[in-house]
Amino acid sequence: MMLAVEVCLAGTNPVPTFVFDEVDSGVGGAAAVEIGRRLARLARDAQVLVVTHLPQVAAFADRHVVVEKSSDGTVTSSGLTALDDEGREQELSRMLAGLAGSDTAIAHARELLDLAQEDAAENQPARQRAG
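Please read these numbers as outputs of a predicted model, since none were measured by experiment.

**Things to note about the pattern of salt bridges**
Next, step 1: One pass over the structure, following the stated rule, counts 5 salt bridges.
Next, step 2: Ionic pairing is found between R37 and E34, a salt bridge with its closest N-O pair at 2.6 Å. Note that R37 and E34 are positioned in helix α2 (residues 29–42) at a spacing of 3 residues, about one turn of the helix.
Next, step 3: A salt bridge links D119 to R37, with the nearest nitrogen and oxygen atoms 3.1 Å apart. In this pair, D119 is assigned in helix α5 (residues 103–122) and R37 in helix α2, connecting sequence segments 82 residues apart.
Next, step 4: Given the relative accessible area of 14%, D119 is considered buried.
Next, step 5: Among the charged side chains, a network of salt bridges with common partners joins E34, R37, R38 and D119.

**Some remarks on a nonpolar patch on the surface**
Next, step 1: Side chains of V65, V67 and L80 sit close together on the surface and give an oily, nonpolar patch of about 310 Å² of accessible area.
Next, step 2: Looking at the secondary structure, you find V65 in strand β3 (residues 65–71).
Next, step 3: Look at V65 and you get partly exposed, because its relative accessible area is 42%.

**So, the packing of helix α4 (residues 85–97) against α5**
Next, step 1: One way to put it is that α4 packs onto α5 with a least axis distance of 8 Å and a crossing angle of 115 degrees. Between α4 and α5 lies a crossing whose hand is right-handed. Facing α4, whose interface residues are R88, E89, Q90, L92, S93, L96 and A97, α5 presents A105, I106, H108, A109, R110, L112 and L113.

**Details of the packing of aromatic side chains**
Next, step 1: Using the criterion set out here, one finds 1 aromatic pair in the structure.
Next, step 2: Ring geometry for F18 versus F20: centroids 6.3 Å apart, planes at 10 degrees, classification stacked. Taken as a pair, F18 and F20 share a single burial class, namely buried.

Conventions we followed
- Residues numbered from 1 in each chain as written.
- Predicted model: local features only at pLDDT ≥ 70, side-chain atom pairs only at ≥ 80, totals over all residues.
- Heavy atoms only, no water.
- Salt bridge = Lys/Arg side-chain N within 4 Å of Asp/Glu carboxyl O.
- Helix = DSSP H or I, 4+ residues; strand = E, 2+ residues; numbered from the N terminus.
- Buried < 20%, exposed > 50% of the residue type's maximum accessible area, 1.4 Å probe, protein only.
- Patch = residues over 30% accessible without salt bridge, like charges linked within 9 Å, V, L, I, M, F, W, Y side chains within 5 Å.
- Areas by Shrake-Rupley, 256 points an atom, 1.4 Å probe, with all protein chains shown as cover.
- Axes fitted to C-alpha atoms, helices over the stretch in contact; angles between N-to-C directions.
- Left-handed = near helix turned anticlockwise from the far one by under 90°.
- Contact = heavy atoms within 4.5 Å.
- Phe/Tyr/Trp six-rings, centres within 6.5 Å; stacked < 30°, edge-to-face > 60°.

Have a look at this one:
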């Protein structure tokens, strides 16, 4: 609900950054794709940071960062890794299948990324498409 309100109000009261954690809690499939679309729409006018475990949402991001936690038994630390296009495809496929190297999951990840790119191209302002 909050995401819907933020998308509606984004043009009337510009906020430089939105942060969403668990915005996709309890949803999946088509609803997750729509959440990804709406977050991408919101990101046209503001910086949007999203923590998600859903590949359908992550596919719509301009940038994809993986948070990695490590521990030596005494100290626990976290790090961030920014992914390139191939890394995004691999991470989305891992998120989809729960295992690395699945050809079916990689194909599905590509499909999600293609959908997100098509959606972004369709929703660019006319002056950007023409340029």
